[in-house]
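Structural characterization, general
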Amino acid sequence: MSQKEFFSAFLKQSKNVGAVAPSSKFLVKKMVDPIDFTNVKCIVEFGPGTGTITHELLNRMPPDSLLLAFEINKEFCEKLKGIKDSRLRIISDTAENIENYLPENKIQKVDYIVSSLPFAMIPNGIVRNILKISLKVLSPAGAFIQYQYSLNSYRRLKNTFKNVDLNFTPMNIPPAFIFTCTN
């Protein structure tokens, strides 16, 4: 999907698309660098969009691991289906329903959650549920990695996770804050 098509999807479906352009390679790097891929069994991605971060996760993941990608935008789901990798499961459902998909994929706990969800555009109650459920399904050594275009989510993340490390990349449209959350 071209940048023009991505922007068009944003204009048509701004409730489901939180970015005006795909993530830059600089943002992608900062999102995946905190992940120790050595013993990863399952990574969950919330809001993969057109798959920019998805591709990098798959490039680094071990052959016996699994990536569950939750995307509610039908157009983006179709684009993601073009990624031919047996480790990828595209789930056309909200992140709130993650627990419904773990047993069928024989997953008890998730190693990492990588999220591109536009929290500023999602009702507070839903964001609270997503964070609460994410904490519940994460392994004790896992991390929730989220990017946002402002610091508005910092307190919300800090209220859920014991540790929230903050990073920043100006090399993205728009510039982005990266939160790595652990317990």
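Quick word on the pairing of strand E7 (residues 176-182)
Counting buried positions along E7 gives six out of seven residues, so the element sits mostly inside the fold. As paired elements, strand E5 (residues 138-148) and E7 share five bridges and run antiparallel to each other. Within the sheet, the bridge partner assigned to Gln148 lies in E7 and is Phe177. Here strand E6 (residues 163-169) runs beside E7; their pairing, made up of seven bridges, is antiparallel. Directly across from Phe168, in E7, lies its bridge partner Phe177. Taking the residues that link successive antiparallel strands as the turn, the E6-E7 hairpin has six residues.

Describing unusual backbone geometry
For the bond from Ile173 to Pro174, the omega torsion is -15°, close enough to zero to count as cis. Within the fold, Pro174 resides in the loop between E6 and E7. The backbone of Lys106 shows a phi angle near 55°, a positive value even though the residue is not glycine. Residue placement: Lys106 occurs in the loop between helix H5 (98-101) and strand E4 (110-115).

Side note on the packing of aromatic side chains
By convention here, two paired aromatic rings are described through the distance between centres and the angle between planes. If you walk through the whole model with that rule in mind, you get six aromatic pairs. Relative to Phe177, the ring of Phe168 lies with its centre 4.9 Å away and its plane at 50°, an arrangement referred to as tilted. The structure contains a cluster of three or more aromatic residues connected by ring pairs, namely Phe46, Phe70 and Tyr101.

Brief notes about the pairing of E5
Of all 11 residues in E5, nine are buried; the element is thus mostly enclosed. Taken together, the five bridges between E4 and E5 define a ladder with parallel strand orientation. Considered in E5, the bridge of Ile113 is made with Phe144. A crossover connection joins E4 to the parallel E5 through helix H6 (residues 124-137); in handedness this β-α-β unit is right-handed.

What about a nonpolar patch on the surface?
A contiguous nonpolar surface patch, about 260 Å² in accessible area, is contributed by Leu151, Tyr154 and Leu166. When you line up the elements, Tyr154 lands in helix H7 (residues 154-160).

Structural notes on H6
Taking 1.5 Å per residue, 14 residues should reach 20 Å; H6 reaches 20 Å between its end C-alpha atoms and fits that length. Within H6, the full set of buried residues consists of Val127, Ile130, Leu131, Ile133, Ser134 and Val137. Down the axis of H6, the sector holding all buried residues measures 170°, keeping them to one side. Seen from the buried face of H6, the exposed residues on the opposite side, beyond 90 degrees, are Arg128, Lys132 and Lys136. At its buried positions, H6 is contacted by strand E1 (42-46), H5, E4, E5 and H7.

Scoring rules and cut-offs
Residues numbered from 1 in each chain as written. Predicted model: local features only at pLDDT ≥ 70, side-chain atom pairs only at ≥ 80, totals over all residues. Heavy atoms only, no water. Buried < 20%, exposed > 50% of the residue type's maximum accessible area, 1.4 Å probe, protein only. Helix = DSSP H or I, 4+ residues; strand = E, 2+ residues; numbered from the N terminus. Pairing = 2+ DSSP bridges. Phe/Tyr/Trp six-rings, centres within 6.5 Å; stacked < 30°, edge-to-face > 60°. Right-handed = clockwise from strand over helix to strand, strands pointing away. Patch = residues over 30% accessible without salt bridge, like charges linked within 9 Å, V, L, I, M, F, W, Y side chains within 5 Å. Areas by Shrake-Rupley, 256 points an atom, 1.4 Å probe, with all protein chains shown as cover. Salt bridge = Lys/Arg side-chain N within 4 Å of Asp/Glu carboxyl O. Expected span 1.5 Å × (residues − 1). Arc of directions from axis to C-beta. Contact = heavy atoms within 4.5 Å.

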